[in-house]
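Here is how the chains run, residue by residue.
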Amino acid sequence: MQLVQGQAGSEKRFGDPRAAAQRWQNAGAEWIHLVDLDAAFGRGNNAEIVAELIAHLRLNVELSGGIRDDDSLERALGTGCARVNIGTAALERPEWCEEVIDLYQERIAIGLDVKGSKLAARGWTREGGDLYETLHRLDRAGCARFVVTDVSADGMLRGPNLQLLHQVCEETDRPVVASGGISTIEDILALKEMVSVGVEGAIIGTALYVGRFTLEEALLAAQLGSTTGSYDT
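Just so you know, these numbers come straight off a predicted model, no measurement behind them. (Residues numbered from 1 in each chain as written. Predicted model: local features only at pLDDT ≥ 70, side-chain atom pairs only at ≥ 80, totals over all residues. Heavy atoms only, no water.)

K.L.:
Quick question: what am I supposed to make of the overall build of the protein chain here?
P.N.:
Across its full length, the protein chain holds eleven helices and ten strands. Here the protein chain holds 233 residues, and 56% of them are scored as buried. Put simply, 69% of the contacts in the protein chain that link residues at least 6 apart link residues at least 24 apart. When the accessible area of the protein chain is evaluated, it comes to approximately 10200 Å², of which 44% is carbon and sulfur surface. (Helix = DSSP H or I, 4+ residues; strand = E, 2+ residues; numbered from the N terminus. Buried < 20%, exposed > 50% of the residue type's maximum accessible area, 1.4 Å probe, protein only. Contact = heavy atoms within 4.5 Å. Areas by Shrake-Rupley, 256 points an atom, 1.4 Å probe, with all protein chains shown as cover.)

Next up, the structure:
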């Protein structure tokens, strides 16, 4: 399922996550960005389902949702995912977050979920502070990469926030993954033009599920190999 602007209750259901993941793998994806929505909203987790899904795939999975302490991090890494995407903890537990960045390095990405001019936390339900203050702190801590999501664009199919991505890339030398709003092949081509300034790849969700284009078409346009399918479970 996919959310609209990160709001609980806005779920759009697109079938079985196992079938979707297999479909993206068959289409040539090298990464899948998977969000455990139950964990993100504090209503349990789907770690067993995620581990089962990953065990049957031959690609890399980036797992997000509710990773806020040692237990949830170990549970997430224990699914077999290639890396985790930490969001809220980067805001609420900065010292812990810096420790795990140092310990796990490339297996940790930091999600910067932007709502207006502020960061969003707790499944995008709370304001989480200043974007650039957090970005600079985590950059100094050695964060391997940032996943930047414009919450207002997520699931809306109205294009990515290119201005936001440019601004973030100007503030860090770390690779940036673009998320939210991608709806056309033209959007992918626009992001491809930003590779030189730091955009490493793109997370595409709703546009693939509603048939705006195929993953094969997206990969052909990007020629990046890091464009991913996305599934929230």
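K.L.:
Any chance you could explain the side chain of T134 here in plain terms?
P.N.:
Tracing the backbone through its elements, the reader meets T134 in helix α7 (residues 131-140). Among all residues touching T134, those that are not within four sequence positions of it are A90, L91, L112 and L119.

K.L.:
Can you walk me through helix α6 (residues 94-104) in this structure?
P.N.:
Structurally, the α-helix is built with 3.6 residues per turn, so residues lying three or four positions apart point the same way. Along α6, the positions that sit buried rather than exposed are W96, C97, V100 and I101. What you see down the axis of α6 is that its buried residues fit within an arc of 140 degrees, all on one side. Exposed and facing more than 90 degrees away from the buried side of α6 are E95, E99, D102 and L103. Next to the buried residues of α6 lie α4 (70-77), β3 (83-86), α5 (88-92), β4 (108-115) and α7. (Arc of directions from axis to C-beta.)

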